[in-house]
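Fold and geometry: a report
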Amino acid sequence: MRSAPATGLLPLLLGLRLLLGAAAQYSSDLCNWKGSGLTHESHKKDVEQVYLRCSEGSIEWMYPTGALIVNLRPNTSPASYKHLTVCIKPFKDSAGANIYLEKTGELKLLVRDGDRSPSKVYCFGYDQGGLFIEATPQQDISRKITGFQYELMSKGVASDLHTVSAPCRPCSDTEVLLAVCTSDFVIRGSIQDVTNEAEEQESIIHVGVNKLYRQKSKVFQLTGENGNWRGQIKTLLECGVKPGDGDFLFTGRMHFGEARLGCAPRFKDFQRMYKEAKDKGLNPCEIGPD
C-alpha cells in the first residue's frame, strides 16, 4: 500500500532531515512527546524532528500542521535493531494527519487520517523505516489531535502477540512450559465473567486469582474487603471464551498496558505437564505448580 506525499513535500523532507524545526518541543521525558502545531502555524511546511529513547511511550501532536519525523532510538546496541519490531496504537479519536513509514525518501502509508478502526495495532520491522507524520489540509484545526502509543519489542514477542495462523488453538505441552518461564504474567485463577466487545472484536476475561506466580505490571490487584485478587485479560472475540468452572493457568504478555492472553491450560493439565517434564529433567524453569 503506497501513497504519494503531498506535492513538493518529498524534496522538503529530504532537504530538512538534518534541520530541526524552529518550534519548541514539549517532550517531558525521553519516552513521550507532546507538542502543538500552532507554534509554527505560519510555516505550514515545517518538518520537526522528535527523538525518543525508550521501548514504549506516546506521541501527542495537537493542532497538527506541517510534519513530524519521529526517531525511535532505544538504548540498545544498534546491531540489535534489526531484531526489533515497532508497534503503534492510535488514540481512539486521533485525527488531523496521515502516518507513514519513511525510508530513504520513500513514503508508505501506515495509518490514514480518519481511520477509526477501534484498538487496531500497526506493526512493522524497525529496519523498514521511521515514522513520518504529515498533517492533512484542514479548514479548522481546532480539536484535532494526532496521537498514538508505541512499543518496541523483539520480533519473537511481536509474532506471539499478532499470530495470524490459528490464534485460538490450544498450546502444546512444550509451549505451555515455555510460556510459564517467559510470560509477563503467570497466574492460577478462574473465569468469573466474560465481556464481549463486538466493535473491537475482543473479549475481556474477568479473572479471580487464586495464586499469583508473576506479573510485570500491576494488572492483578487486591480488591474488596475480602482481599481477593482480580484482574482482566483480553483475547480475540473469535476464540469464544466463556465463563466456566475450574481453575486455569493463565499466561500472556503486556501490550499497550493491557494483559493479552497467551497459553491457558486447565490447571490440572498444567500440573501433569510440569510433573512429567520435571521427572525427565526437561522443565525449562522452576515454578511451584501446587
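Preceding block: the structure.
Broken down by element type, the protein carries four helices and 16 strands. Here the protein, with 290 residues, has 41% of them falling under the buried criterion. About 15,700 Å² of surface is accessible on the protein, with carbon and sulfur atoms providing 50% of the total.

In space, the five strands of this open sheet follow the order S1-S3-S10-S5-S8, with mixed pairing throughout. Unpaired on one side and paired on the other, strand S1 (32-36) and strand S8 (122-125) mark the two borders of the sheet. Averaged over all pairs of adjacent strands, the angle between their axes in this sheet comes to 15°, without regard to strand direction. Here strand S5 (residues 84-90) runs beside strand S10 (residues 145-154); their pairing, made up of seven bridges, is antiparallel. The residue bridging Pro 90 from the neighbouring strand is Phe 148, located in S10.

Glancing now at the environment of Lys 103. Among the secondary structure elements, Lys 103 is positioned in strand S6 (residues 97-103). Looking at Lys 103, the relative accessible area reads 44%, which means it is partly exposed. Beyond its immediate chain neighbours, meaning those up to four positions away, Lys 103 contacts Asp 127, Gln 128 and Gly 129. Of the polar contacts made by the side chain of Lys 103, one reaches the backbone oxygen of Asp 127; its length is 2.7 Å.

Attention now moves to the packing of helix H3 (residues 173-182) against helix H4 (residues 267-279). Packing of H3 against H4 brings their axes to within 10 Å, and their N-to-C directions diverge by 90°. Judged on the interaxial angle alone, H4 and H3 are roughly perpendicular. Side by side, H3 and H4 meet where Asp 173, Val 176, Leu 177 and Val 180 of the first sit next to Phe 270, Arg 272, Met 273, Tyr 274 and Ala 277 of the second.

Turning to the pairing of strand S12 (residues 202-215), a few remarks are in order. Along any regular strand, the residues point their side chains to alternate faces of the sheet. In this sheet, S12 lies alongside strand S11 (residues 185-197) in antiparallel orientation, the contact comprising 12 bridges. What sits directly across from Arg 188, in S12, is Lys 211. From the end of S11 to the start of S12, which pair antiparallel, there are four residues, and Gln 201 there has a positive phi angle of about 55°. As paired strands, S12 and strand S14 (residues 228-236) are joined by eight bridges and run antiparallel to one another. Among the inter-strand pairings, His 206 is bridged to a residue of S14, identified as Gln 232.

Now for unusual backbone geometry. The backbone of Tyr 63 shows a phi angle near 50°, a positive value even though the residue is not glycine. Relative to the elements of secondary structure, Tyr 63 occurs in the loop between strand S3 (56-62) and strand S4 (67-72). We classify Tyr 63 as partly exposed; its relative accessible area is 28%. The backbone of Thr 104 shows a phi angle near 50°, a positive value even though the residue is not glycine.

Moving on to the sheet that holds strand S2 (residues 47-52). Read across the sheet, five strands follow the order S2-S4-S9-S6-S7 without closing on themselves; strand pairing throughout is mixed. Sheet topology places S2 and strand S7 (106-111) at the edges, where each strand pairs with a single neighbour. When strand polarity is set aside, the average angle formed by the axes of neighbouring strands in this sheet is 30°. Summarising the sheet, S4 and strand S9 (residues 130-135) pair through four bridges and their orientation is antiparallel. Its bridge partner being in S9, Val 70 is matched across the sheet by Leu 131.

As a further point, take H4. Taking 1.5 Å of rise per residue, the 13 residues of H4 would be expected to cover 18 Å, and the 18 Å separating its terminal C-alpha atoms lies within 8% of that figure. Every buried residue belonging to H4 is among Phe 267, Phe 270, Met 273, Tyr 274 and Ala 277, and all of these are buried. Looking straight down H4, one finds that the buried residues subtend no more than 115° of arc, so they occupy a single side. Exposed and oriented more than 90 degrees from the buried face of H4 are Lys 268, Lys 275 and Asp 279. Against the buried residues of H4 lie H3, S11, S12 and strand S15 (248-255). Directly beyond the C-terminal end of H4, a positive phi value near 70° is found at Gly 281.

Definitions and cut-offs
- Residues numbered from 1 in each chain as written.
- Predicted model: local features only at pLDDT ≥ 70, side-chain atom pairs only at ≥ 80, totals over all residues.
- Heavy atoms only, no water.
- Helix = DSSP H or I, 4+ residues; strand = E, 2+ residues; numbered from the N terminus.
- Buried < 20%, exposed > 50% of the residue type's maximum accessible area, 1.4 Å probe, protein only.
- Areas by Shrake-Rupley, 256 points an atom, 1.4 Å probe, with all protein chains shown as cover.
- Pairing = 2+ DSSP bridges.
- Axes fitted to C-alpha atoms, helices over the stretch in contact; angles between N-to-C directions.
- Contact = heavy atoms within 4.5 Å.
- Polar contact = N/O pair within 3.5 Å; in protein donor to acceptor, adjacent residues only side chain to side chain.
- Parallel < 35°, antiparallel > 145°, perpendicular 65-115°, else oblique.
- Expected span 1.5 Å × (residues − 1).
- Arc of directions from axis to C-beta.

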